[in-house]
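Each chain, letter by letter, is given below.
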Amino acid sequence: VAAAYAVGEVRAFELQQGGRTIGYSWGRYAGAGADNHHRFETRIELRLPGRQPVRSAGELVLDSAGELVLGFERSAAAELTFARRGDHIELTDGQRHERISYTPKREPTAVMAHSAIFHEELFLRLRALQQGDNACRLISVSGGVPTPWTADASVVGDDVIVRTSLGERIALRDGRVAEI
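Only a predicted model underlies this, so the values are computations on that prediction, with no experimental measurement involved.

**A closer look at the overall build of the chain**
Secondary structure summary: the chain contains one helix and 14 strands in total. If you line up the chain on its principal axes, its C-alpha atoms span 45 × 45 × 30 Å. Residues classed as buried in the chain amount to 43% of the 180 residues present. Accessible surface, the chain: about 9,800 Å² in total, of which carbon and sulfur atoms supply 49%. Across the chain, the centroid of the 22 positively charged side chains sits 3 Å from that of the 24 negatively charged ones.

**Details of the pattern of salt bridges**
This structure, assessed with the given rule, holds 14 salt bridges. For Arg99, the salt bridge goes to Glu90, with nearest N and O atoms at 3.8 Å. Taking relative accessible area as the criterion, Arg99 reaches 53% and is therefore assigned exposed. Judged by its relative accessible area of 32%, Glu90 is partly exposed.

**A closer look at empty space enclosed by the protein**
Gaps between atoms show up when a probe of the same size as a water molecule is rolled over them. The final tally for this structure, using the stated rule, is one cavity of 30 Å³ or more. Considered as a void within the structure, the largest cavity measures approximately 110 Å³ in volume. Leu62, Gly66, Ala110, Val111 and Arg127 are the residues nearest the centre of the largest cavity, which is lined by 13 residues in total. Elements with a minimum of two residues in the lining of the largest cavity: β4 (54-62), β9 (109-112) and α1 (117-126). Its residues placed into classes, the lining of the largest cavity shows nine nonpolar, three polar and one charged.

About the criteria used
Residues numbered from 1 in each chain as written. Predicted model: local features only at pLDDT ≥ 70, side-chain atom pairs only at ≥ 80, totals over all residues. Heavy atoms only, no water. Helix = DSSP H or I, 4+ residues; strand = E, 2+ residues; numbered from the N terminus. Buried < 20%, exposed > 50% of the residue type's maximum accessible area, 1.4 Å probe, protein only. Areas by Shrake-Rupley, 256 points an atom, 1.4 Å probe, with all protein chains shown as cover. Lys, Arg positive; Asp, Glu negative; His and termini not counted. Charge placed at Lys NZ, Arg CZ, Asp CG, Glu CD. Salt bridge = Lys/Arg side-chain N within 4 Å of Asp/Glu carboxyl O. 1 Å grid on protein atoms, 1.4 Å probe; cavity = no way out; pocket = protein on both sides within 12 Å on 5 of 7 lines; lining within 4 Å. Points joined across faces, edges and corners; volume = space filled by probe spheres on them. Nonpolar A, V, L, I, M, F, W, Y, C, P; charged D, E, K, R; others polar.

So, in structure tokens, the structure goes:
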């Protein structure tokens, strides 16, 4: 995990739809603590027509194997916290509590927040993508039901092109998201 990014490294992504910028997604590797847990911070700003920008901040803490330890997602509307407890992830907004199965050693699993491109890049960097078919279980720490995620990966020039079941076409260059 520590080799994925330099401590303090920031990744920034512009979100576009129909040729228009609709937001930004930033991520930063904050480093590892004495417990060898790695902290990744995110900030997201979505600009929807006719509305004030919607902003959120989050933190994802992974162990040295790249598996979830804990984290949070916070916006003006709510704060969700999540933590791994044995073979489950417990998510809460302080009023509602959810418990989701989490067994990444038995079933490849990705954990991402809504619009957190940095989480997706981190997931793709930490997992060995195979040319051809890839699959895992996707858990949104922003809430929602786990989803099967599949992708076809192919090498095109200097890029790895990943076409996902979510309708994304991701170009990875040197293991980093160059374009979605």
